[in-house]
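# Breakdown of the fold
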Amino acid sequence: MSNEHEPLPGGSNDVQWSEQHVTNLVAAMQSGVSSPEVRALVQAFYDDTEDFLRNINDTLLAGPANAHVNRSQHCTTSAKRKSCHTTQFDNTSSIPKKQHKHRRLKAEEKIQGKDDNNTQGKFGPYTRADAHATVMVMPTHDPNPVDISSRKILDPSGEPLRTRRYGVMELDDCSYVAGNGNAAKHLSPGLTCVRLCEWGDQPCGLFIDMDQYHIDQHMLYWHGVDARLNKKVIPCQYANCSAAAQKLQHLGRHIETVHFDTHCQCPYCMIERARSDTVRQHLNLDKCKDFIALRNHAQNGGYTFHPRELIQVFKGYIVPTTSAT
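Per chain, residue numbering runs from 1 following the sequence as it is written. This being a predicted model, a pLDDT of at least 70 is required before a residue's local features are given, and a value of 80 or more before pairs of side-chain atoms are given or counted; all residues contribute to the totals for chains, interfaces and linings. Side-chain calculation: all heavy atoms of the structure are included, whereas hydrogens and water are not.

### Examining the overall build of the protein chain
The secondary structure listing takes helices from DSSP runs of H or I that are at least 4 residues long and strands from runs of E that are at least 2 residues long, numbered from the N terminus. What the protein chain contains, in helices and strands, is 8 helices and 15 strands. The criterion used for residue contact is that any of the two residues' heavy atoms lie within 4.5 Å. Considering only contacts within the protein chain whose residues lie at least 6 apart along the sequence, 62% involve residues at least 24 apart. Each accessible area is a Shrake-Rupley result for a 1.4 Å probe, and residues are judged covered by the shown protein chains and nothing else. Roughly 19,400 Å² of accessible area belongs to the protein chain as shown, and the carbon and sulfur atoms make up 50% of that amount.

Written as structure tokens, this is what we have:
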């Protein structure tokens, strides 16, 4: 049997890598030889091997129908070498190493850091709103009461505004809103997820449902801020908010994503982003390899592919939807 291997296209010297070639190359490296010829040969060997393995991986991810690897079609590389490789040769010569990019890691760390800074409120840690969440222990002491002396008592039509209680927590009764919010859809029946409204103008001290619609309605009825088709720009009244002034029609979304820290999660790779349109773009532009693999598998199998729904991530206090004292 011949020791000759099939050539790996793309080498700067168009090398055919036999066992003898590799053995001679390793011996030269171990002996401390670092001539330009040896460095160029090692770089070509590393590039060819990396490109070949990358193309195998990409081909396999394309789906079962394309799992067969044809080197002559897939194992090609640009004549221009990537600048992300470094070559270091000394008495302990080593194969050049790739400098990995960390953009995805930094994005994940940014989200994680945001979560770390926004995981609890005045009554302790928040809980993720999902099917496993249980109602929080009823609080009996308010460690930081809000001055509500300027709080509104009448809605825009002159009707009395109503609240309900869960221990010392006072919640917006939401009697002006039909149905439960999006956060409640992820919980067991009879539960919802709330956070404290911290709007500085006429503070209400109320806990409210976390989705944008309930926030917009709360801002209208309790704070007189009408977001309906209103392009007026106002500053956010939440304490320490460094965001630029918001259009009223975007204020609810700003409070939901920035101050209530809601996220949207890809149902395939589970990455989290602040906004749902960003996750949809992640899927529509074929940036999710898990999504692509399942879709291709369905197409190759001849059956209909039904995309999964995006996952909304809410973290707050889990409380009953009815009053309790």
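Moving on from the coordinates now.
### What about the sheet that holds strand 13 (residues 272-273)?
Taken together, 3 strands build an open sheet; the order of strands is 13-12-14 and the sheet is antiparallel. The strands lining the two open edges of the sheet, one partner per strand, are strand 13 and strand 14 (311-313). Strand pairing is assigned whenever DSSP detects at least two bridges linking the two strands. Relative to strand 13, strand 12 (residues 263-265) is paired through 2 bridges, and the arrangement is antiparallel. Each bridged residue has a counterpart across the sheet, and for Cys-264 the counterpart in strand 13 is Arg-273. Note on method: axes are straight lines fitted to C-alpha atoms, helices fitted across the in-contact stretch only, with angles between N-to-C directions ranging 0 to 180 degrees. The sheet strands contacting helix 7 (residues 276-284) are strand 12, strand 13 and strand 14, and the helix crosses strand 12 at an angle near 20°.

### Remarks on the pattern of salt bridges
We count a salt bridge whenever a side-chain nitrogen from Lys or Arg sits within 4 Å of a carboxyl oxygen from Asp or Glu. Taken as a whole and judged by the stated rule, the model has 6 salt bridges. In this structure, Arg-165 and Glu-170 form a salt bridge, with 3.8 Å as the shortest nitrogen-oxygen distance. Overlapping salt bridges, with partners in common, bring together Arg-151, Arg-165 and Glu-170 in one network.

### Quick look at the side chain of Asp-216
Here Asp-216 is to be found in helix 5 (residues 212-223). Beyond its immediate chain neighbours, meaning those up to four positions away, Asp-216 contacts Val-225, Ala-227 and Gly-252.

### A closer look at the pairing of strand 15 (residues 315-320)
Two faces make up the sheet, and in a regular strand the side chains alternate between them. Each residue's exposure class comes from its accessible area (1.4 Å probe, protein chains only) as a fraction of the maximum for that residue type: buried when under 20%, exposed when over 50%, partly exposed otherwise. Across the 6 residues that make up strand 15, a large majority, 5, are buried. Pairing between strand 5 (residues 127-128) and strand 15: 2 bridges, direction antiparallel. Paired with Thr-127 across the bridge in strand 15 is Gly-316. For strand 8 (residues 191-196) and strand 15, the ladder comprises 4 bridges, and the chain directions are antiparallel. Note on strand 15: the bridge partner recorded for Thr-192 is Val-319.

### Describing the state of the cysteines
Note that a disulfide, as used here, is simply two cysteine sulfur atoms within 2.5 Å. Taken as a whole, this structure holds 0 disulfides when the rule is applied. Free cysteine: Cys-197, not disulfide-bonded; nearest cysteine sulfur from Cys-204 at 3.8 Å. With no disulfide partner, Cys-236 has as its closest neighbouring cysteine sulfur the one in Cys-241, 3.8 Å distant. When its relative accessible area of 12% is taken as the criterion, Cys-236 is described as buried.

### Brief notes about the environment of Ile-234
Mapped onto the elements, Ile-234 comes out in strand 10 (residues 233-234). Counting along the chain gives 14 residues from Ile-234 to Leu-248, while the straight-line C-alpha distance between them is 6.9 Å. With residues up to four places along the chain from it excluded, the contact list for Ile-234 reads Trp-199, Val-225, Ala-245, Gln-246, Leu-248 and Leu-251.

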